[in-house]
Amino acid sequence: MMHYPPGPTPSRQELLKFAQNPLTYLTTLAHQYGEFSYVKLGNRDTYVVTAPDILREILVEKADKFQKPGHTRDSASRFLGEGLLVSSGAVHQRHRRIMQPLFTRSALEPHAGSMLQAVQAMTVHWERCTEIDAAGEMMNLALNIVGSIMFGVSTLAHDQSLRTATSVMQQYSGNTLVRSKLTALTEADIQSAVDTLDGLVRGILERPHDTPGLNLVTLLQTAVDPVTGDRLSVGEVRDEALNILMAGHETTAIALTWALYLLAKHPDVQEQVTAEVGQVLGNRPITSADVPTLTGLGQVIQETLRLYPPAWLLGRTPVEPVTIAGYPILPEANLVISPYVIHRNAERFPDPEQFLPARFAQEPGRFAYVPFGVGPHVCLGQPFAQLEMVITLATLLQHFRFSLPEGVEAVPEALMTLRPQGGMRLHVERIGTSVELGRSHE
Ligand code: HEM
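Residues numbered from 1 in each chain as written. Predicted model: local features only at pLDDT ≥ 70, side-chain atom pairs only at ≥ 80, totals over all residues. Heavy atoms only, no water.

(A) Representation of the environment of Asn215 within the structure. Structurally, the position occupied by Asn215 is in the loop between α10 (187–206) and α11 (216–222). For the pair formed by Asn215 and Asn334, sequence separation is 119 residues and the distance between their alpha carbons is 37 Å. When sequence neighbours within four positions are dropped, the list of residues in contact with Asn215 reads Ile149, Met150, Phe151, Gly152, Ile204 and Arg207. For Asn215, the side chain forms a polar contact with the main-chain nitrogen of Val217, separated by 3.3 Å. (Helix = DSSP H or I, 4+ residues; strand = E, 2+ residues; numbered from the N terminus. Contact = heavy atoms within 4.5 Å. Polar contact = N/O pair within 3.5 Å; in protein donor to acceptor, adjacent residues only side chain to side chain.)

Shown next, in the form of structure tokens:
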């Protein structure tokens, strides 16, 4: 017989309340019904998980019993094919084995220079500004970084057709739970975006490989499965390249935007981190070897991802009937895991709403802090994102001070990622004059 974890009495209001403000809704549910609750959202059995041990059971121990929810797979298929973001089981394992070695910390270190160049190119026009649109700047930066490392195109954000195609892919693949909030796309928009992005990948694959290692698409084409010795097909390389483009820019851009906001809001923390950056780097540009030394900056990034995890909702659905925490769960059910709610547990993170980077002087519990997920689907790009975030923030703090314009108080908006509603304006002021900055590399 079916029995369910505690939850609200079934009512049509629940889906409405969730859609209106998912963050408040999920937080309230966890407060009222505990760390594993059940609610009918529309006609969907929905289980909301915030308990670290149940999260481990789903994402690690019984990971092979789950896949990404059907709406994610369906809505993503035109662009993402059977790439890592949507696949599961044997296909996922094979692709992951082939791709993993390209995304380790040491494999990515040679790309630190491209990341730095993109930051320097961005700040050329900051010299003349007193205020920036931090959300827009970080989005362009992250697009240019993933574009140059993945595709060897260093100005992806400024190429109108690629920019449009990427944004159409982002909207199309958006979580259907919140899709109504997004602009409606026509079939012509979608086809044109698919053609543009296919053309980008095909162009790279057809180029003679005179410079091995120039971009990750080329490396993906020659990467070998350590178990079977086979390679990805051309179609699979295309799918994975678009998966990386999709997964690899908005999340990092949003994390950087929140970090700048929190530093602007907490000038004392900004001063400490700027001092650390000054001590470690002086006036010289950062290299990947500096990353582990910048511990204060590392803690700021960890605390930012705790308060505002860009991937605020992870979804799973069982591939067969499964028992979780003693409850039977059927294949059509939706399991909702929210890092945003998990990271606000006051027992594990005292004063959870406060920005206190020093709390990360101690390692948090492995399943209580999950901005990059855990288990076989843990973020492939975590080392990429961490390198990018440290290089960007250290370089910006070397040269600029950030502050909040009068009355700015950011509100998170839970769309596909956790964005600051209405963007993020910040005051920016140049500090120090002796360093050469902002050489354009284009
Ligand atoms: C701060 C930035 C980032 C955050 C917070 C983040 C977060 C996540 C999370 C939570 C997952 C797991 C999703 C799930 O289990 O359902 C994930 C998966 C993934 N991420 Fe990231 N990510 C970030 C940056 C990146 C970057 C820069 C890349 C690529 C360059 C990337 C590539 C991927 C891929 C390919 C997957 C799918 C992995 C798999 O299922 O095997 N991510 N990310």
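Read on for the rest.
(B) Layout of the pairing of strand β5 (residues 314–318). Most of β5 is tucked away: five of the five residues are buried. Side chains Leu314, Arg316 and Pro318 of β5 all project onto a buried face; the interleaved residues Gly315 and Thr317 project onto the opposite face, where all are buried too. Both strand β3 (residues 66–67) and β5 contribute to a ladder of two bridges, which runs antiparallel. Bridge pairing in β5 links Phe66 to Pro318. Relative to strand β8 (residues 334–337), β5 runs antiparallel, the two being bridged by three bridges. Looking at the pairing, Leu314 lines up with Ile337 of β8. (Buried < 20%, exposed > 50% of the residue type's maximum accessible area, 1.4 Å probe, protein only. Pairing = 2+ DSSP bridges.)

(C) The arrangement of the confidence of the model for the protein chain in detail. Mean pLDDT for the protein chain: 91, with 93% of residues reaching 70 or above. Scored below 50 in pLDDT, residues 176–181 makes twelve contacts in the model with residues more than four places away or belonging to other chains. (pLDDT = per-residue confidence, 0-100.)

(D) Region of interest: the coordination of the iron atom of the ligand. Only one protein atom coordinates the iron atom of the ligand: Cys379 (SG), located 2.3 Å from the metal. The residue Cys379 is located in the loop between α16 (339–342) and α17 (382–399) in this model. (Donors = N, O, S within 2.8 Å, 3.2 Å for Na, K, Ca; no water.)

(E) Inspection of the nonpolar core at higher detail. Core analysis: the largest hydrophobic core is formed by 118 residues, its most contacted members being Phe79, Phe151 and Phe402. With twelve residues, the top contributor of residues to this core is helix α8 (residues 134–151). Phe151 has contacts with Val146, Leu156, Leu200, Val201, Ile204, Arg207, Asn215, Val217, Ala241 and Leu245, leaving out every residue within four places of it along the chain. Ranked by size, the runner-up nonpolar core spans 21 residues in total, among them Phe36, Tyr47, Ala51 and Ile58. (Core = buried A, V, L, I, M, F, W, Y, C linked by side-chain atoms within 4.5 Å.)

(F) Fine view of the site of the ligand. The local shell around the ligand holds 28 residues, among which His92, Arg96, Arg316, His377 and Cys379 are the closest. Here an oxygen atom of the ligand sits 3.3 Å away from a polar atom, N or O, in the main chain of Leu84. Contact distances for the ligand include 2.7 Å between an oxygen atom and a side-chain N or O atom of Arg316. Counting only elements with at least two residues in the shell around the ligand, the list comes to α5 (89–99), α12 (234–247), α13 (250–265), β5 and α17. Broken down by class, the residue content of the shell around the ligand amounts to 18 nonpolar, seven polar and three charged. (Near = heavy atom within 4 Å. Nonpolar A, V, L, I, M, F, W, Y, C, P; charged D, E, K, R; others polar.)

(G) Quick look at the sheet that holds strand β9 (residues 400–403). Across the sheet, which stays open at both edges, the three strands sit in the order β4-β12-β9 with antiparallel pairing between neighbours. Looking along the sheet, the strands with just one partner apiece sit at the ends: β4 (131–133) and β9. When the angles between neighbouring strand axes are averaged without regard to direction, this sheet yields 40°. One ladder, built from four bridges, connects β9 with strand β12 (residues 425–430); its direction is antiparallel. If you follow Ser403 over to β12, its bridge partner there is His427. (Axes fitted to C-alpha atoms, helices over the stretch in contact; angles between N-to-C directions.)

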